[in-house]
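# Examination of the molecular architecture
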Amino acid sequence: MILAVSKLKNPSSPADGYRGRFAPSPTGPLHAGSLVAALGSWLDARANEGQWLLRIEDIDTPRCIPGADLQIQAQLHACGLFWDEEPSYQSRGQEHYQAAFGRLNALACLYACTCSRQTISNTLAAMGIHTPRNQEMIYPGTCRPSQLMPYAKDLLADSKKAWRIALPENCQIQFEDLSLGIQHQDLSREVGDFVLRRNDGLFTYQLAVVVDDAEQGITHIVRGQDLLNNTARQIFLQNQLGYSTPSYHHLPLVLDANGEKLSKQTLASSINTESDQSALAELRKAAIHLGLRDLPDGDTTIAEWLLAATKAWKINTFKCD
Ligand code: GLU
Ligand code: ZN
């Protein structure tokens, strides 16, 4: 299966019904990297006169920190990044994920997997494949049955097993990223059959994000480049579930002094939004990172600054059209 999704570059007039989103995981407060994603997606939505939704991606409950959702909301507020509609929470969307999972099961493309990380790693090692640290292992298909079929409800509900989606042969996905250009991933060789429900019964980010983006009618996804590697999987799932594919725009990553991606796991420090001045200083850093130039640098309100940034974003994004 070779799937090529091509999207037109942003049209010069505002897109009809633009719906964007910012989808932080509440594993800690916003850091410089997540502010770049928040600001970039907000500016793109505002420049397109679109809606900007806030989705709290708390699907991986064990990793979530109580109260981080409200802290993130307060930080966004302090930065003048107001969202449209009520924030949504993935932890409240179980029945939607379950329904999508059931539809995939009906297509006979799911199977249960009992491999531990160690088993997968050993199998790969025996095949001469060594996965660098920090990289996901390619699933070698150990548990994939020769004959795929839909499973009965009670079998599917078995929460002691992980459930993977079986990729069609030679599954290659191509899409156009609005800033990085044509992207291509060979899912069969680079990822393998991936998990949709974990052995602790939780649906994975890959499934939840695709269901949420479709159900919320998201047309434009603007997010950090750390997520680029997930996009092909998400386009594949959209295709299997009959959803349309939004346009994608991956923003440059903020790296720490060691050249590593800033993340809550590496304890990246929270942005400082204690005063308007400190929030504005954080926004200015994020804007520089996004390549926005000539923004008001003197005394200005956050609202005025955001307006200027929206104009600058428009010029930046649409200048090639
Ligand atoms: N929740 C994901 C994160 O915080 C972002 C998901 C997305 O934008 O698709 O890394
Ligand atoms: Zn397995």
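Residues numbered from 1 in each chain as written. Chains lettered and ligands numbered in written order. Predicted model: local features only at pLDDT ≥ 70, side-chain atom pairs only at ≥ 80, totals over all residues. Heavy atoms only, no water.

To continue, consider the environment of tryptophan 163. Turning to its location among the elements, tryptophan 163 is positioned in strand 6 (residues 162–165). Note: C-alpha distance between tryptophan 163 and cysteine 113 (50 residues apart in sequence) is 5.8 Å. Among residues more than four places away in sequence, those in contact with tryptophan 163 are Phe101, Leu110, Tyr111, Ala112, Tyr151, Leu155, Leu156, Asp158, Phe194, Val195, Leu196 and Arg197. (Helix = DSSP H or I, 4+ residues; strand = E, 2+ residues; numbered from the N terminus. Contact = heavy atoms within 4.5 Å.)

Donor atoms from the polypeptide that coordinate the zinc ion (ligand 2) comprise Cys113 (SG), Cys115 (SG), Tyr139 (OH) and Cys143 (SG), at 2.1 to 2.3 Å from the metal. Around the zinc ion (ligand 2) sit four donor atoms; with metal-centred angles ranging over 101 to 122 degrees, the donor geometry is tetrahedral. Sequence positions of the residues that donate to the zinc ion (ligand 2) give the spacing C-x1-C-x23-Y-x3-C. Taken together, the positions of cysteine 113 in strand 5 (residues 110–113) and tyrosine 139 in the loop between helix 4 (117–126) and helix 5 (153–156) put the pair 26 residues apart, joining distant regions of the chain. By relative accessible area, tyrosine 139 is classed as buried at 5%. (Donors = N, O, S within 2.8 Å, 3.2 Å for Na, K, Ca; no water. Tetrahedral: all angles 85-135°; square planar, octahedral: opposite > 155°, others 65-115°. Buried < 20%, exposed > 50% of the residue type's maximum accessible area, 1.4 Å probe, protein only.)

Our focus in this paragraph is the sheet that holds strand 5. Taken in spatial order, the three strands line up as 5-6-9 in an open sheet, and their pairing is antiparallel. The strands lining the two open edges of the sheet, one partner per strand, are strand 5 and strand 9 (195–197). Taking each pair of neighbouring strands and ignoring which way they run, the sheet shows an average axis angle of 45 degrees. Pairing of strand 6 with strand 9 involves two bridges; the strand directions are antiparallel. The partner of tryptophan 163 across the bridge, within strand 9, is arginine 197. (Pairing = 2+ DSSP bridges. Axes fitted to C-alpha atoms, helices over the stretch in contact; angles between N-to-C directions.)

Limitation: the analysis is restricted to geometry and does not speak to function.
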